[in-house]
Structure formats: structure tokens, C-alpha cells
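The residues making up each chain are set out below.
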Amino acid sequence: MGNLFGRPKQSRVTEQDKAVLQLKQQRDKIQQYQQKIELNLEKERQLAKKLIQDGKKERALLLLKKKRYQEQMLKRTDGQLENLEKMVSELEFSQIQAKVVEGLKRGNESLKKMHELLSIEEVERIMEETNEGIETQREIDEILAGGLTDEDEDAVLEEYEKMFGETEDIRLPDAPSEPLPELEPEKEKRKEKKLVAAS
């Protein structure tokens, strides 16, 4: 039914997850087995004690041998349990390492893409242009802040005087000092009529 409405969900359980789960199940079974043996050992110890009291030496010895064998089995299961615990820890740690490596891989891919966008030459060119812009701005700031030497000041004054002298040579006509006479509207109309008639 899930296929009708979209892609089926993919299981996110990895082979490592399955292995860890199986190891933990084995560990739990061993722990249950150990508990069972420990209960039996206590029962058999009590029973052997009772058999000795009842004078049943042969049966008591046989029971104590069985108890000794089970104690050795218990020691062996301790070793197996320790090995399982180590393996679970190593598998879980390797999963963490795999995630870290995957994260580093993705980070490197992102960095490569960023480096493709900006080459070293492009960055150097931008930095050079930026430094040039900063240097130009610094020079402008120095000029505006009065950072000119006496020699520069003299050169500026000389250029100013030269420009001022050039503008003095250009003479414009004087404006009339008296107001211009205004024509009356009637007189102007008559002048227009005469001009039309004459043509």
C-alpha cells in the first residue's frame, strides 16, 4: 500500500546495528544463564550440606563435583561475557567513527565546492583591488586632513594663481546701466500692421 502513495521507506538499520543487537541478545542470554547457575550452586551447596548431615557421603561428593564443574562453567561464561561487552563497545565506537568520517567527507565536499567558486587567483585579485582601494582612500583622507607638505601647498597656490590669471584675461561686455524702455501695447500692434501692409 505504501508503494501506491510514494516510495517505500528504506530501513535505516545497518548491518552494524544488526550485529550490535545480536551481540546484546547473546550477552543477555549469558547473563540469564549465569543467574540460573548461581541459583543452582546455592541449592546444591545446601543439598550437599544436608547429605553430609544425613551421612550420605558418596552422594554429597558427587554433588560437590557437579557444583565445582558449574563454577568453572560460570568462570568461562564470565570470559565470554567480557568478550561480548568488548565487541559491542568496539562496534558502537566504530559506528561513531564512521559517522565522523562521513561528516568530514561531506565537509570536504562542501569546501571543494566553495573553492571552485573562488579560485586562489580570484581571491588574490579581490584582495589586491581591496588594498588599492584602501590605499587610495588613505591618500584622499590625508589630503583632506591637511596632510600636504609645504611644497604641495606652494604648488597648489601657484596653480590657483595661474588659473585666476587666465580668467582675468577673458573680458565680458558690461551690462547696460539704464533700464530698457518698454513699448506700449497699442504702438506695438500698429507697428505690426504697418510691417504686414508693407510686405
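Everything below is about the structure printed above this text.
Residues numbered from 1 in each chain as written. Predicted model: local features only at pLDDT ≥ 70, side-chain atom pairs only at ≥ 80, totals over all residues. Heavy atoms only, no water.

Student: How should I be thinking about the nonpolar core in this particular structure?
Tutor: Generally speaking, soluble globular proteins have nonpolar side chains that are buried together. Ranked by size, the top nonpolar core spans 6 residues in total: Val20, Leu23, Ile30, Leu81, Leu84 and Val88. When contributions to this core are tallied by element, the ones reaching two or more residues are helix 1 (15–53) and helix 2 (57–117). Setting aside anything within four residues of it in sequence, one finds Leu23 in contact with Leu84, Met87, Val88 and Leu91. (Core = buried A, V, L, I, M, F, W, Y, C linked by side-chain atoms within 4.5 Å. Buried < 20%, exposed > 50% of the residue type's maximum accessible area, 1.4 Å probe, protein only. Helix = DSSP H or I, 4+ residues; strand = E, 2+ residues; numbered from the N terminus. Contact = heavy atoms within 4.5 Å.)

Student: Help me out: how do you make sense of the pattern of salt bridges in this one?
Tutor: Where charged atoms from two side chains of opposite charge approach closely, those side chains can pair. Counted by the stated rule, this structure contains 13 salt bridges. A salt bridge links Glu15 to Lys18, with the nearest nitrogen and oxygen atoms 3.7 Å apart. Remark: Lys18 and Glu15 occur in helix 1; sequence separation between them is 3 residues, near one turn of the helix. Among the salt bridges present, the one from Lys66 reaches Glu44, with a minimum N-O distance of 3.2 Å. (Salt bridge = Lys/Arg side-chain N within 4 Å of Asp/Glu carboxyl O.)

Student: Could you clarify how one ought to interpret a nonpolar patch on the surface in this entry?
Tutor: Nonpolar side chains collect at one region of the surface, where Met114, Leu117, Leu118, Val123, Ile126 and Met127 lie side by side and expose about 570 Å² of accessible area between them. Going through the elements one at a time, helix 2 and helix 3 (120–144) are the ones with two or more residues in the nonpolar patch. The leading source of residues in the nonpolar patch is helix 3, at 3 residues. Mapping Met114 onto the fold places it in helix 2. (Patch = residues over 30% accessible without salt bridge, like charges linked within 9 Å, V, L, I, M, F, W, Y side chains within 5 Å. Areas by Shrake-Rupley, 256 points an atom, 1.4 Å probe, with all protein chains shown as cover.)

Student: Can you help me understand the packing of helix 1 against helix 2 in this one?
Tutor: For the pair helix 1 and helix 2, interaxial distance at closest approach is 8 Å and the crossing angle is 160 degrees. Classified by the angle between their axes, helix 1 and helix 2 sit roughly antiparallel to one another. At the point where helix 1 passes helix 2, the crossing takes the left-handed sense. When grouped by side-chain class, the residues that make up the contact of helix 1 with helix 2 number 21 nonpolar, 9 polar and 13 charged. (Axes fitted to C-alpha atoms, helices over the stretch in contact; angles between N-to-C directions. Parallel < 35°, antiparallel > 145°, perpendicular 65-115°, else oblique. Left-handed = near helix turned anticlockwise from the far one by under 90°. Nonpolar A, V, L, I, M, F, W, Y, C, P; charged D, E, K, R; others polar.)

Student: Sorry if this is basic, but what is going on with the layout of surface pockets here?
Tutor: If a probe the size of a water molecule is rolled over the atoms, the empty space left behind becomes visible. Counted as a void, the largest pocket has a volume near 170 Å³. If you go around the largest pocket, the residues you meet are Thr14, Gln16, Asp17, Ser94, Gln95, Ala98, Lys99 and Glu102. Only helix 1 and helix 2 provide two or more residues apiece to the lining of the largest pocket. Along the lines of polarity and charge, the residues of the lining of the largest pocket split into 1 nonpolar, 4 polar and 3 charged. (1 Å grid on protein atoms, 1.4 Å probe; cavity = no way out; pocket = protein on both sides within 12 Å on 5 of 7 lines; lining within 4 Å. Points joined across faces, edges and corners; volume = space filled by probe spheres on them.)

In short, geometric facts, not functional conclusions.
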